[in-house]
Structures are given as C-alpha cells and as structure tokens.
Amino acid sequence: MMTEVDSADASNGSPLIVVVMGVSGCGKSSVAEQLANDLHAHFKDGDELHPPGNIDKMAAGTPLTDDDRQPWLEDVARYAAAQAAQHGICVIACSALKHRYRQTLNTAGRVAYVFLEGSRELIASRMHLRTGHFMPETLLDSQFAALEDPRQEDNVVTISINTDIQSISRNAIAALHERGFTTSKP
C-alpha cells in the first residue's frame, strides 16, 4: 500500500518524526520499515545507533540501565531530527519504553509515537521464531517491566499487532491522520 505524500507531510508543514515503539519482539523494525515505505519517508532502525557496548550487554542477557540508554537516546533524537529536516518525515524504530526516554526523543522536534501493543504470549512466540537478533527472549520480562504505558500521552497512537505488517502500517497511518500528524490517508 502506498500513499501519496510530499516531503512536508504534516498538518502544519513542519518535519515529522514517527517513532514506532514497544517492547522487543513486537515488530518495531518491520512495521517502521513498512510505514516509512508507505509514507515515502526516511527509515532507520534505532538499534543500529546503539554503541557496541550496549549491544554486547544485551546479547549477554543483561538489561540496559537508564545510564546505558541515555546517550543512545540522545543520538537517536539527533539522527531523527536531521533526517526529518532533510526528508520531511523520518520513521524510526525505537523501544522508547519509559516516559523519560520519550521526553528525550521529543527534543528532536515534532514527534508522534506508534505504540505497538500485543500480549506477552504473542510477542514471546514471535521472539522464539526470529534468528540473528542480539536481544534474547530471556529479556522480554525486563522489557515489559520497564514499559511505562504511553497511551495517555498526547502524541501517541496505539496499534494492535494482532494482524499482518501491511495492515498494521495502514492502521498506523489512519491513526496518525486522524490525530492530525499527517495529511496521508491509508
């Protein structure tokens, strides 16, 4: 599904950053890539911006601390702001589990979040099937424990992951459009 957008596809004409967020295994990277494709936007997986020490720590089964995450979140915000300024829209996959993490990301400019919501059982089953990812299934409980419910925040839309990637992207575009973040219609 493709939608027609221009480089300033935002209700007020300013660049837009769309952060696809949620716990590990919810499909952030796949959904963000599809969403960026559908919006003709720049895409980046925020995990690619982690320093090697963070990746090594998670690969060893150790959850990151807030101190580990803060410099990474600042890098994600800087990257997203630069890409949104250049392309009009930047879609970035980033867990953004805590309110304070989202506050850091919000410094990048006009930010909307697509919160991918699903049951622990569904996400665990998906994590069990994936290969080649540094985040082990054993850290899923720490992800859910760290998640601070974003649904009451003004710039968050919640999308169920109980469907295919294309439908999730369409639902996200519809929700972002309804909330005035984009002029695109699904």
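Note that the structure is a prediction, hence the values are computed from the model and not measured.

A.B. asks: An account of the overall build of the protein chain is needed here, citing residue identities and associated values.
C.D. replies: Secondary structure summary: the protein chain contains seven helices and five strands in total. The linear arrangement of helices and strands in the protein chain, starting from the amino end, is β-α-β-α-α-β-α-β-α-α-β-α. The proportion of buried residues among the 186 residues of the protein chain is 48%. A fraction of 76% describes how many contacts in the protein chain between residues 6 or more apart in sequence connect residues 24 or more apart. Of the roughly 8400 Å² of accessible surface on the protein chain, 49% is carried by carbon and sulfur atoms.

A.B. asks: Give a description of the nonpolar core that names residues and reports values.
C.D. replies: Core analysis: the largest hydrophobic core is formed by 50 residues, its most contacted members being Val19, Leu35, Val91, Leu105, Val114 and Leu116. With sequence-adjacent residues up to four places away left out, Leu35 is seen in contact with Val18, Val20, Val91, Val114, Ser169, Ala172 and Ile173.

A.B. asks: Hey, could you go over the confidence of the model for the protein chain for me, with residue numbers and the actual values?
C.D. replies: Should the pLDDT be low somewhere, the predicted coordinates at that spot are not to be read in detail. Overall, the prediction assigns the protein chain a mean pLDDT of 87, with 84% of residues at 70 or greater. A low-confidence stretch, residues 1-11 (pLDDT under 50), is modelled with 38 contacts involving residues beyond four sequence positions or located in other chains. pLDDT under 50 marks residues 132-136. Its contacts with residues more than four places away, or in other chains, come to 14 contacts.

A.B. asks: So what's going on with the pattern of salt bridges? Residues and values would help.
C.D. replies: This structure, assessed with the given rule, holds nine salt bridges. Asp68 is the salt-bridge partner of Lys57, the closest N and O atoms lying 2.6 Å from each other. Separated by eleven residues along the polypeptide, Lys57 in helix 2 (residues 52-59) and Asp68 in helix 3 (residues 66-87) bring together distant segments of the chain. The partly exposed category is assigned to Lys57, whose relative accessible area is 25%. Through salt bridges with shared partners, a single ionic network connects Asp66, Lys98 and Arg100.

Analysis parameters
- Residues numbered from 1 in each chain as written.
- Predicted model: local features only at pLDDT ≥ 70, side-chain atom pairs only at ≥ 80, totals over all residues.
- Heavy atoms only, no water.
- Helix = DSSP H or I, 4+ residues; strand = E, 2+ residues; numbered from the N terminus.
- Buried < 20%, exposed > 50% of the residue type's maximum accessible area, 1.4 Å probe, protein only.
- Contact = heavy atoms within 4.5 Å.
- Areas by Shrake-Rupley, 256 points an atom, 1.4 Å probe, with all protein chains shown as cover.
- Core = buried A, V, L, I, M, F, W, Y, C linked by side-chain atoms within 4.5 Å.
- pLDDT = per-residue confidence, 0-100.
- Salt bridge = Lys/Arg side-chain N within 4 Å of Asp/Glu carboxyl O.

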